[in-house]
Amino acid sequence: MDAEAYLSHSAALVDEFLEGVLPRVDEPPKDLHAAMRHLIFPGGKRLRPALAFAACEATGAPARQALPLAGAVELIHTYSLIHDDLPCMDDDRERRGRPTVHVAFGEATAVLAGDALQAAAFGALATADLEPRLCRDAIRDLAEAAGAGQLVGGQFDDLHCDRASLDETAIESIHRRKSAALIGVAIVGGARLAGADPDRLQRLRRFGSLLGLGFQIADDLLDRHHDEVCSMVRVLGADAARSRAEECLDRALALIEDLGRPADALRELARFAVRRNR
Ligand code: GRG
């Protein structure tokens, strides 16, 4: 199965899950519930859920076993996009060709919708039918990836960094926290729910970190604003940034070289994440 087919198959699986965990729009407070769903349906590429499913399959379990984690990561991803678009952050009026949540529903509702999506992510994991130790570990990993040490801390440094002192190393640190950590937790979490042993989890953690960095450099290459303060293209130039992303991909793929056919989808998605044009 190629990456596009795997992504659309994954989207169908995770959409059904998300539909089940999100509050209905015909129940009050209706506007809050509609705002929570605005960016979830229709969603984006659903790359993180797909990576969770593929890592689960690479570990020998059916994709469905990773569903609570895949759904939880997509909920965190969506909350972070809603908050990132706010006037106090990037101040974007459009995302995926539609009005951003604060444009459609107002700023206060967008903040609250993001907050509620984050809570829904942890609720979905905590109430899933999982072995208690696996459930605890998955929640802990997600909290780490979404918190001050990773996603939120990376966003903070992105907002407050000093353009003059931002070299490749500093940008890489922000990319790893703001973007790669959530990619990594999707991969590690998917394998965890498949029962992966500590060695496998450690290897996939390194795979996810490299892939996440390659994904974010690809995002910098796709971004029309190459003069963005925190862009690898700004500090390296497009050619060197592309080489750096390819190097991340090569090193990531080498880590899963011996996983055989069950890891085919994970490899396809890795190539897609770094070479994508959307
Ligand atoms: C506000 C806590 C907080 C964090 C914001 C998500 C984020 C951190 C910033 C958004 C801008 C940005 C460059 C994020 C890096 C991650 C990224 C490239 C998100 C877009 O991911 P895709 O391409 O999006 O998977 P789709 O639309 O396909 O879901």
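What you see is a predicted model; the values in this text were computed from it and never measured.

1. Some words on helix α4 (residues 67-85)
- Under the 1.5 Å per step criterion, the end-to-end length of α4 is 27 Å for 19 residues, consistent within 8% with the ideal 27 Å.
- Within α4, 19 of the 19 residues are buried, leaving the element largely enclosed by the surrounding structure.

2. With respect to the layout of surface pockets
- There is about 1600 Å³ of room inside the largest pocket.
- Around the largest pocket, the lining is made up of 45 residues, and of these L81, D84, D90, R95 and D219 lie nearest the centre.
- Mapped by element, the contributors of at least two residues to the lining of the largest pocket are α3 (47-58), α4, β1 (94-95), α8 (151-160), α9 (168-193) and α10 (198-222).
- When residues in the lining of the largest pocket are grouped by element, the largest group, eight residues, is from α4.
- Each pocket or cavity is described by its volume, and for the second largest pocket that value is around 310 Å³.
- As for the second largest pocket, its lining consists of D141, E144, A145, Q150, R176, A180, A181, G184, V185, V188, R205 and S209.
- Counting residues per element, the ones that place at least two in the lining of the second largest pocket are α7 (132-146), α9 and α10.
- Tallying contributions element by element places α9 first for the lining of the second largest pocket, with six residues.
- Taken together, the residues of the lining of the second largest pocket break down into five nonpolar, three polar and four charged.

3. Here we look at the site of the ligand
- Surveying the vicinity of the ligand reveals 20 residues, the closest of which are K45, R48, H77, D84 and R96.
- For the ligand, an oxygen atom lies 2.8 Å from a polar atom in the side chain of H77.
- Side-chain polar atom of R96 to an oxygen atom of the ligand: 2.9 Å apart, as the coordinates give it.
- Alone, the ligand offers 710 Å² of accessible surface; in the complex the protein occludes 89% of this.
- Assessed atom by atom at 2 Å from the grid points, the ligand resides in the largest pocket.
- Going through the elements one at a time, α4, α8, α9 and α10 are the ones with two or more residues in the shell around the ligand.
- If you tally residues by element for the shell around the ligand, the top one is α4, at six residues.
- By residue class, the composition of the shell around the ligand is six nonpolar, seven polar and seven charged.

The rules behind the values
- Residues numbered from 1 in each chain as written.
- Predicted model: local features only at pLDDT ≥ 70, side-chain atom pairs only at ≥ 80, totals over all residues.
- Heavy atoms only, no water.
- Helix = DSSP H or I, 4+ residues; strand = E, 2+ residues; numbered from the N terminus.
- Expected span 1.5 Å × (residues − 1).
- Buried < 20%, exposed > 50% of the residue type's maximum accessible area, 1.4 Å probe, protein only.
- 1 Å grid on protein atoms, 1.4 Å probe; cavity = no way out; pocket = protein on both sides within 12 Å on 5 of 7 lines; lining within 4 Å.
- Points joined across faces, edges and corners; volume = space filled by probe spheres on them.
- Nonpolar A, V, L, I, M, F, W, Y, C, P; charged D, E, K, R; others polar.
- Near = heavy atom within 4 Å.
- Polar contact = N/O pair within 3.5 Å; in protein donor to acceptor, adjacent residues only side chain to side chain.
- Areas by Shrake-Rupley, 256 points an atom, 1.4 Å probe, with all protein chains shown as cover.
- Sits in = over half its atoms within 2 Å of the grid points.

Nothing here speaks to function; it is geometry throughout.
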